[in-house]
Structure formats: structure tokens, C-alpha cells
Amino acid sequence: MRPDATNSFDIVIVGAGFNGLYQLHRLRAEGWSVRLVEAGSGLGGVWHHNRYPGARVDCHVPNYEYSMEEIWRDWNWSERFPGRDELVAYFDHIDEVWNLRPDIDFDTAITSARFVEAEHRWHLATDDDRHYDCRWLVMATGFGSAPYVPDLPGLDRFEGDCHHTARWPESGVELAGRRIGIIGTGASGVQVAQETAPIAGHLTIFQRTPVYALAMQQRAMTVEEQATAKLDYPEVFQVRNAPPGSFADVHRDPRKTLEVDEAERVAVMEDRWAKGGFHCWIPFSDTLGDEAANRVVYDFWRDKTRARIADASLHESLAPTDPPYPFGTKRPSLEQTFYDIFDRDNVSLVDLKRDPLVSITANGVESEAGHVELDVLVLATGFDANTGGFTRMDFRGADGSTIGEAWADGVDTHLGVAVPGFPNMVMLYGPQSAASFCNGPVCAELQGEWVIDLLDHLRSNDVTRFDSDRSEAEDWSDTMAMWAERTLFGKANSWYMGANIPGKRRQLLNMPSSDLYLGALRSCADENYRGFTFG
Ligand code: N01
């Protein structure tokens, strides 16, 4: 694999989402020669690829955007939880302000990455046989870049339109009046379901595990109200980016659930429900740590949800009496009309726990409840989250072994940014970081600045190679395991635990506290980058 002379850079960034774009903007300003490569044809990372009907962000304005005034000054959102097309337009606005496109190669999927020890450089190859080389490799591929298609019997026999939500065709799919089936009821499945129910001939939702979807409380936003709010944006973003981090205005009640008397407890939860979105995720300090406390919140959610579903025969499937997994230990989905659509004559639910899937057929889905004929099959089956973006690539470190081999017995990283044996490479929003417990743009700025400081440190000390200690990485994995033990996350088969992918090692892959995570990064840097070796 020989790099093209014109594709030789100090730094190559992979991925044009919030993290990659922030790096490009800042590293260019710091005088590095830098190129960003992106597999898609546009900006936005997951927002470019997830163009399925109904795709929308689950963080309310202004939490899910960059904090720099030059970006927010002239930008207004039309809704409190913006839709995918508006987010893509926001990325184009970022480009207009920062002029990023000249330094980005679109439609460039990296298929192979090798560290060449003799040069202390990475050599990268693309799917169309182009080559890059760089001293430092910044992987900003995020946690959800590898769609997961389960090995469903007969899937290849289906003759209708079949698409994974994260690979929805750019030209769209004809849905009106057609018989649509959705497999999967995570955030993607919920959004497709509520969007397609009003237009489908018939919609069948195949659910394996009930989602605990929270009320979004969506509303339109005016330019005038945002002009007033922007007067406070400098302080708002300061609060958002400071510990505990991630949201300017979502904070858990510091009390323990059962220490609060029942009437007040209900009032706290009602207030959060009315505010909507992630206000309802972790109402009290012990919601995710104590089973009895967690059950109180589950019961509140269950009763709220059942009140929305007129057909009581669906209650046990959609909002069971007892929780199949603790509340909040899978990433909550936000819904607008998801629980209302089951009142429609053209919507049915197949509960795959009760009536398991038998096979996909040429014209539908066969379960133990019978055969459902379909024109369109939507696979809302999620991602090989956190690690899939690395392991699906031929990604080889200093001794020539792949990252998949290095992680065969479980993921070990140094603080979620470096992998022992994979020198000169940093990960942003990667496995064992706070990804998904820290908003994308927040993490892009905070973890991103830490990486920029590390790269400056390397440059000012004439370092050409860094690696990370295996023992430090094992310590970090022990810390992650302790968090799985100390919280209820280990009790759910979630993608946080790697448990949505058959055969993947079960371990907590995201640090459930952005505050503690960023603190660990800071103390590593303060101790002269403890756990890194420089040469
Ligand atoms: O994926 P998921 P997603 N047979 O893994 C089911 C972000 N996101 O794409 O729970 C039958 O959550 C699986 O069932 P089970 C967000 O962080 C954000 O929806 O494993 N069903 C589950 O119901 C989110 O958490 C937004 O039993 C099968 C579903 O498929 C993350 O992306 C929007 C199956 C997968 O749910 C992933 O969400 C969308 C099988 N063999 C996504 N295999 C926003 O709102 C899997 N399933 C910002």
C-alpha cells in the first residue's frame, strides 16, 4: 500500500460529524496540515446517514449545537427537537462560517489502516484504491457508524423494499398506502413508526423488547424567542460545558428517591414529564443505582404510558406490569405519537417475545402469530455500537494484528482515547469514553480540546510516536466494570453493554458520567499524560 504523494498529512481525521468537524476547524487554526475523510457525500456524520422517515434529535435546543457565538449568532431552529433535514442544514451553516469543505474528501471510505513502524506513520487505503498517509490519525467515527442487520432466517428472500434505517436510500422509499413492517423498537423504530402510521396502508410493528419511550413534548420555536434566549447563551453554554456537563438545564434531583415523600416524588416526576425529553430519564440521584428507586420511576412511566393506549390488551406488551430491564438502562427514546398510533385501525403489534419470529418470506414476515404480508420491511435494528466502526475495517497496529484481534477478549482502551499497540491514533466519542452520556457537540468541544492539547504537546516535544500502557488500559477497563457493577446498566441487554450483538463480549462500553470521564482525562494530562509513552 503506497500513499499518494499529495495525500500525505500531519493529521488525517476520519468522519465529518460534530467531532471530526470541530477537530478540522481547530487543528487547521493551530497550523497543522490536516485532511478530513468522510464515507458519505455530505456533512453531519450520523445525521447524513440516518435519513429514515421521522429521524430527529433527542436533545432540546440549545443543547445539541456548538457553543461558539459565530455559529449560533445567525442560526435559528424551527422546533425544540429539530428534525434530521434541519440538522443537515445546520451542518451546512457550520461550513459556511468555518469554510471546511475545501479540506474534506467526501465519498471516501477508509477500508484499511496500518501503522508503519519504520516511518511512525499511518497508511490508509480507501474503497476506491486511493491512499493517504499521516503521522497522527484521529478517528471521529462516533459510536453509531456500523449498522447492525441481524441474521434473520430468510431475510435475503424478501422481494419487497427492505432497508436498514441508517442506510435509507437518498431517493426515498414509496410508503403511502403500502404494507409496512418495522423490526425493532429502539429510537429509530419508534420514529419511523410514528411517522409512517398515518400514511401506511397497514403498519406492523415487530417488537422483541418494549422500549420505555419518554414524552418528547415537541413544540415549534420562533426566531423572536430565540433572539431573547440568545442574550443568555454565553452563560447557558458555559453551564452546559461545565460539570456535570452535557445539558444546560437537565439536572437530577440530588435526593434519594425513597427519602422524598410520595406526593412530592410524584410532583417531581410530573414536572419532569411536562418538561419532556431527558428531563424524565434520571429524576433522582439513585435512579440508575438502586433497584427499588428505579422501580418507582418505572411504575410512574408505565402508568403514564398505559393511559395513552386505549386497547388494554396491548398494555402488557408495550408497558408491562413488571419491568423487563431497569428503567433508563437502555438509551431512552423520545416519542411524540408512538403510543397513540396503536389506536389506529391500520396499525398492529406483533410481540416477538410471545410469538417469536419464524422467518422472513418472499412477501412478508412469519411469526408464531401467523404470516404478515408486507411491501416494505424496515430494519430498525440498531448498530454494532462503539466498536463496529473500528472492527469492520482492516485496522492494524504496530505488530500487524487487527484491532478486532486486540479486542477479542474485550475492549481495553486508555481512557477511551488510545489503544495500546495502536500508536499515534486517537479516538473521539469512542469505546470506553463518555459517548452517548455526553452530547455529541459537547463532547466534540471538551474531549476535542483535550486531544488538540495532546497533539500540541507532541509537536512541541518533537515526538513522532506515542503509545499507551496496557496496564493503564486494563485499569480503565476495571473502572468501567466497576461502573457496570455499581449501577443497574449491567442488568440490561443494551448496546451500552455490547449485548445487542450476538457473540460480542458483555462489558460496559460507555462511561455513564461525562463529568467523571472528563475529570479522568484532565488528571491524566496534569500528570504529564500518565499512561502514554512518547518516543
Ligand atoms: O437501535 P437500538 P436504534 N429480532 O439498538 C431490535 C441513537 N439514535 O437504531 O431490544 C428482533 O436502540 C432490538 O430489540 P431488543 C440512540 O443513541 C438516536 O433504534 O434487542 N428485533 C431493538 O428494539 C439510540 O439508542 C436517535 O430486544 C431485533 C431494536 O432492534 C441508538 O442510536 C434516533 C433483533 C434496535 O434498537 C440506537 O438506536 C435513532 C432481532 N434479531 C437512533 N435485533 C435520536 O432520537 C435487534 N432487534 C437522536
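Criteria and thresholds
Residues numbered from 1 in each chain as written. Predicted model: local features only at pLDDT ≥ 70, side-chain atom pairs only at ≥ 80, totals over all residues. Heavy atoms only, no water. Domains from an automatic or database assignment. Contact = heavy atoms within 4.5 Å. Buried area = accessible area lost by both parts, 1.4 Å probe. Salt bridge = Lys/Arg side-chain N within 4 Å of Asp/Glu carboxyl O. Polar contact = N/O pair within 3.5 Å; in protein donor to acceptor, adjacent residues only side chain to side chain. Helix = DSSP H or I, 4+ residues; strand = E, 2+ residues; numbered from the N terminus. Near = heavy atom within 4 Å. Areas by Shrake-Rupley, 256 points an atom, 1.4 Å probe, with all protein chains shown as cover. Nonpolar A, V, L, I, M, F, W, Y, C, P; charged D, E, K, R; others polar. Buried < 20%, exposed > 50% of the residue type's maximum accessible area, 1.4 Å probe, protein only. Pairing = 2+ DSSP bridges. Right-handed = clockwise from strand over helix to strand, strands pointing away. Axes fitted to C-alpha atoms, helices over the stretch in contact; angles between N-to-C directions. Parallel < 35°, antiparallel > 145°, perpendicular 65-115°, else oblique. Left-handed = near helix turned anticlockwise from the far one by under 90°.

> Help me understand the domain arrangement of the protein in this model?
For interface size, the figure often reported is the accessible area lost on association. When its domains are assigned, the protein resolves into domain 1 (6-146 + 384-529) and domain 2 (155-379). For domain 1 and domain 2, the distance between their C-alpha centroids amounts to 27 Å. If you look at the interface, domain 1 gives 49 residues, while domain 2 gives 56 residues. Roughly 4300 Å² is buried in total at the junction of domain 1 and domain 2, and carbon and sulfur atoms are behind 53% of that figure. Contact with domain 2 buries area across many residues of domain 1, yet Tyr52, Arg80 and Leu488 alone supply 16% of it, more than any other trio. Our enumeration of links across domain 1 and domain 2 arrives at 4 salt bridges. The partner of Arg51 in a salt bridge is Glu170, and the shortest N-O contact between them spans 3.9 Å. Applying the counting rule to domain 1 against domain 2 returns 28 residue pairs in polar contact (both at pLDDT 80 or more). Secondary structure elements with two or more residues in the side of domain 1 that touches domain 2: helix H13 (440-460) and helix H15 (514-526). With 3 residues, the top contributor of residues to the side of domain 1 that touches domain 2 is H13.

> Hey, could you run me through the site of the ligand in this one?
Taken together, 26 residues surround the ligand, and among them Thr185, Ser188, Arg208, Thr209 and Lys330 come closest. The separation between an oxygen atom of the ligand and a polar side-chain atom of Thr209 is 2.5 Å. When isolated, the ligand has an accessible area of 910 Å², and the protein chains bury 87% of it. Among the elements that take part in the shell around the ligand, helix H5 (residues 187-196) stands out by supplying 3 residues, more than any other. A class-by-class count of the residues in the shell around the ligand yields 13 nonpolar, 8 polar and 5 charged. Residue-level mapping places the shell around the ligand at the junction of two domains, with at least three residues from each of domain 1 (6-146 + 384-529) and domain 2 (155-379).

> Just to check I follow, could you spell out the pairing of strand E1 (residues 8-14) for this structure?
On a regular strand, one side chain projects to one face of the sheet and the next to the other, so that they alternate. Counting buried residues in E1 gives 5 out of 7 residues, a clear majority hidden from the surface. Bridging between E1 and strand E6 (residues 131-139) involves 6 bridges; their strand directions are parallel. Looking at E6, one finds that Ser8 is bridged to Asp133. The pairing of E1 with strand E2 (residues 34-37) spans 4 bridges and is classified as parallel. The residue of E2 that forms the bridge with Val14 is Val37. In this fold, E1 hands off to helix H1 (residues 18-29), which returns the chain to E2; that crossover is right-handed.

> I would appreciate a short explanation of the sheet that holds strand E13 (residues 357-361) in the present structure.
In spatial order, the strands read E13-E14-E15; together these 3 strands make up an open sheet with antiparallel pairing. Looking at which strands have only one partner, the edges of the open sheet turn out to be E13 and strand E15 (370-373). Sheet twist, expressed as the average angle between the axes of neighbouring strands with direction ignored, equals 15°. Judged from the 4 bridges that link them, strand E14 (residues 364-367) and E15 form a sheet pairing that is antiparallel.

> What am I meant to see in the packing of helix H8 (residues 262-275) against helix H9 (residues 291-306) here?
Each pair of packed helices can be described by the angle between their axes along with the distance between the axes. One can describe the packing of H8 onto H9 by two numbers: an axis separation of 11 Å at closest approach and a directional angle of 55°. Looking at the two axes, H8 sits oblique to H9. Handedness of the crossing formed by H8 with H9: right-handed. Judged by residue contacts, Arg265, Val266, Met269, Glu270 and Trp273 of H8 engage Val296, Val297, Phe300, Trp301 and Lys304 from H9. A class-by-class count of the residues in the contact of H8 with H9 yields 7 nonpolar, no polar and 3 charged.

> Explain the pattern of salt bridges here, please?
Note that side chains of opposite charge can pair when their charged atoms are close. Using the criterion set out here, one finds 39 salt bridges in the structure. Asp85 serves as the salt-bridge partner of Arg84, at 3.0 Å between the closest nitrogen and oxygen. The class for Arg84 is buried, based on a relative accessible area of 14%. By relative accessible area, which is 56% here, Asp85 ends up exposed.

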